[in-house]
Amino acid sequence: MIVQLNGERAELPDDATVADAVRVVEVDGERRGVAVAVDGEVVRSVDWERTPLTESQAIEVVRAVQGG
Amino acid sequence: MANRQVAQKGEPTTERAGGFELGGRVWGSRLIVGTGGFRSLEGMERALVASGAEIVTVALRRVDPTAKGSALELIDRLGKFALPNTAGCYTARDAVRTARLAREAFETDWIKLEVIGDDRTLFPDAVELIDAAETLVDEGFVVLPYTNDDPILARRLEDAGCAAVMPLGSPIGSGMGIANPYNVQIIVERASVPVILDAGIGTASDAAMAMELGCEGVLLSSSVARAKDPELMAKAMREAVEAGYTARRAGRIPRKLHARASTPDEGLPDLR
């Protein structure tokens, strides 16, 4: 399926979960400071593995950066 | 008289000397430092240590696989509290969503709420700010809103349940200091939550002035991060906040147009 991952078109397997999307953007084991929203709604990290994605969803994977 | 009232307002009661209460917690340092704008993580580390700040702000952005080093790792290592912000949000909806992401990412209910109106002034959008603050307070957040130096807006934010109000001194990153100290003083006089001067600080005297005006703390970023020597400026800010707070408690003399001799005339010898 095709989704929008951090603003870019990405192709994922049809049975992909949020966790798969997170792996695509190369977030390694360290999950502190990382959060995910699917179509604007937060998906908690405990739910990443069991939350399936569907065609054309927008996934945002964010983490802490320096900022005022 | 106004100064005296302000001084009493800021007086610590039960907390330890110099500490202040914010969001139900007691903090030892009244200086909050932003982590944006530093030229290197090493430089940021030295500055954060020199600042003595316990609370440091961070932002959330899309994961960049090429980014080197982790700001959060550094903040954790230094034992400081990472306060997430909603920088870059223009609408209440975006700010609320960013705050929810931050709660998930940092496992904290604290949020520095920024909802800006345009990218030239970075002034807050009052309508969106109030909207976002109300929603986030309802959701259990400890909301620390970056706001205009508008006493009425500050009161509205307090009424909405914000844990503090954080008026700007002047535009973010401008280094113009406190453009309207009278408004800041009015905000302080009326507020029953801590007032933290946020944005516009250029140098140490600005930070000291904020404290003298009655603010409970100062939040700054660019003035340290973009200083020629961030570590040294961080030290200056720490000392300025402490000095300003101490001076406020000491009670300044009133301003007068004419001189008042500090040496008595009595006993003056006649040397004609």
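Residues numbered from 1 in each chain as written. Chains lettered and ligands numbered in written order. Predicted model: local features only at pLDDT ≥ 70, side-chain atom pairs only at ≥ 80, totals over all residues.

**Student:** What am I meant to see in the overall build of chain B here?
**Tutor:** The helix and strand inventory of chain B stands at 10 helices and 10 strands. Expected size for 272 residues packed as a compact globule is a radius of gyration near 19 Å; at 20 Å, chain B falls within 12% of this value. The principal-axis extent of the C-alpha atoms belonging to chain B is close to 85 × 40 × 40 Å. Put simply, chain B has 272 residues, and 47% of those count as buried. (Helix = DSSP H or I, 4+ residues; strand = E, 2+ residues; numbered from the N terminus. Rg over C-alpha atoms; globule rule 2.2 N^0.38 Å. Buried ≥ 20, exposed ≤ 12 C-beta atoms within 10 Å, placed from the backbone.)

**Student:** I would appreciate a short explanation of the nonpolar core in the present structure.
**Tutor:** Soluble globular proteins tend to pack their nonpolar side chains together in the buried interior. Residue and element names in this part refer to chain B. Residues L113, V143, L144, A207, C215, V218 and M237 are the most contacted members of the largest nonpolar core, which totals 102 residues. Of the residues forming this core, the biggest block, 8 residues, is contributed by helix α4 (residues 92-106). Excluding anything up to four places from it in sequence, L144 contacts W110, I111, K112, L113, C162, A163, A164 and M166. (Core = buried A, V, L, I, M, F, W, Y, C linked by C-beta atoms within 7 Å. Contact = placed C-beta atoms within 7 Å.)

**Student:** Quick question: what am I supposed to make of the pairing of strand β2 (residues 8-11) of chain A here?
**Tutor:** A regular strand places its side chains on the two faces of the sheet in alternate fashion. Residue and element names in this part refer to chain A. Judged from the 4 bridges that link them, strand β1 (residues 2-5) and β2 form a sheet pairing that is antiparallel. Of the residues in β2, the one forming a bridge with L5 is E8. From the end of β1 to the start of β2, which pair antiparallel, there are 2 residues, and N6 there has a positive phi angle of about 50 degrees. (Pairing = 2+ DSSP bridges.)

**Student:** Whenever I open this one, the interface of chain B and chain A confuses me. Can you help?
**Tutor:** Quite often, the size of an interface is put as the accessible area lost when its parts meet. Contacts between chain B and chain A engage 27 residues on the former and 23 residues on the latter. Looking at the side of chain B that touches chain A, the elements that each hand over two or more residues are β4 (55-62), α3 (71-77) and α4 of chain B. Counted by class, the side of chain B that touches chain A contains 14 nonpolar, 8 polar and 5 charged residues. Sheet topology note: the strand β5 (residues 58-66) of chain A/β4 of chain B ladder contains 5 bridges and is antiparallel. Among the inter-strand pairings, Q66 of chain A is bridged to a residue of β4 of chain B, identified as V58 of chain B. (Nonpolar A, V, L, I, M, F, W, Y, C, P; charged D, E, K, R; others polar.)

**Student:** Whenever I open this one, the confidence of the model for chain B confuses me. Can you help?
**Tutor:** Do not read the fine detail of predicted coordinates wherever pLDDT is low. Within chain B, residue pLDDT values average 91, and 93% of them lie at 70 or more. For this predicted complex, the interface score ipTM comes out at 0.88, alongside a pTM of 0.87. (pLDDT = per-residue confidence, 0-100.)

**Student:** Can you help me understand the sheet that holds strand β8 (residues 166-167) of chain B in this one?
**Tutor:** Hydrogen bonds along the backbone pair up the strands of a sheet, which may run parallel or antiparallel. Residues and elements named next belong to chain B. The parallel open sheet is built from 3 strands, whose spatial order is β6-β7-β8. Both outer strands of the open sheet, β6 (110-113) and β8, are each paired with one neighbouring strand and no more. Bridging between β6 and strand β7 (residues 142-147) involves 4 bridges; their strand directions are parallel. Following the sheet pairing, L113 is matched in β7 by P145.

**Student:** Sorry, what's going on with the environment of A191 of chain B here?
**Tutor:** Residue and element names in this part refer to chain B. Mapped onto the fold, A191 is located in the loop between α7 (181-190) and β9 (196-198). Judged by the 21 C-beta atoms lying within 10 Å of it, A191 is buried. On a C-alpha basis, the gap between A191 and L268 in space is 50 Å, while along the polypeptide they are 77 residues apart. Dropping the residues within four chain positions of it, A191 is found in contact with A154, E158 and V165.

**Student:** Whenever I open this one, helix α10 (residues 230-250) of chain B confuses me. Can you help?
**Tutor:** In an α-helix, one turn spans 3.6 residues; hence positions three or four apart end up facing the same way. The end-to-end C-alpha distance of α10 of chain B, which contains 21 residues, comes to 30 Å, matching closely the 30 Å that a straight helix rising 1.5 Å per residue would cover. One or two residues past the end of α10 of chain B sits G251 of chain B, with phi positive at roughly 85 degrees. (Expected span 1.5 Å × (residues − 1).)

**Student:** Looking at this structure, I do not really get unusual backbone geometry. What am I missing?
**Tutor:** For S56 of chain A, which is not a glycine, the phi torsion comes out positive at approximately 65 degrees. Following the sequence through the fold, S56 of chain A ends up in the loop between β4 (41-43) and β5. Classification of S56 of chain A by C-beta neighbours within 10 Å gives exposed; the count is 11. Phi is positive for L122 of chain B, close to 55 degrees, though the residue is something other than glycine. With respect to the helices and strands, the residue L122 of chain B is situated in the loop between β6 and α5 (126-138).

**Student:** Looking at this model, I keep getting lost on α7 of chain B. Mind explaining?
**Tutor:** If you check which residues of α7 of chain B are buried, you get V184, Q185, I187 and V188 of chain B. When α7 of chain B is viewed along its axis, its buried side chains cluster within an angular range of 160 degrees and face the same direction. (Arc of directions from axis to C-beta.)

**Student:** Looking at this structure, how should I read the pairing of β4 of chain B?
**Tutor:** Residues and elements named next belong to chain B. Where burial is concerned, most of β4 is hidden: 6 out of the 8 residues are buried. In the sheet, strand β3 (residues 31-34) pairs with β4 via 3 bridges, with the strands oriented parallel. When the bridges of β4 are listed, G34 appears paired with T57. With respect to chirality, the unit in which β3 leads through helix α2 (residues 41-51) into the neighbouring parallel β4 is right-handed. By the bridge criterion, 4 bridges tie β4 to strand β5 (residues 81-84) in an arrangement that is parallel. (Right-handed = clockwise from strand over helix to strand, strands pointing away.)

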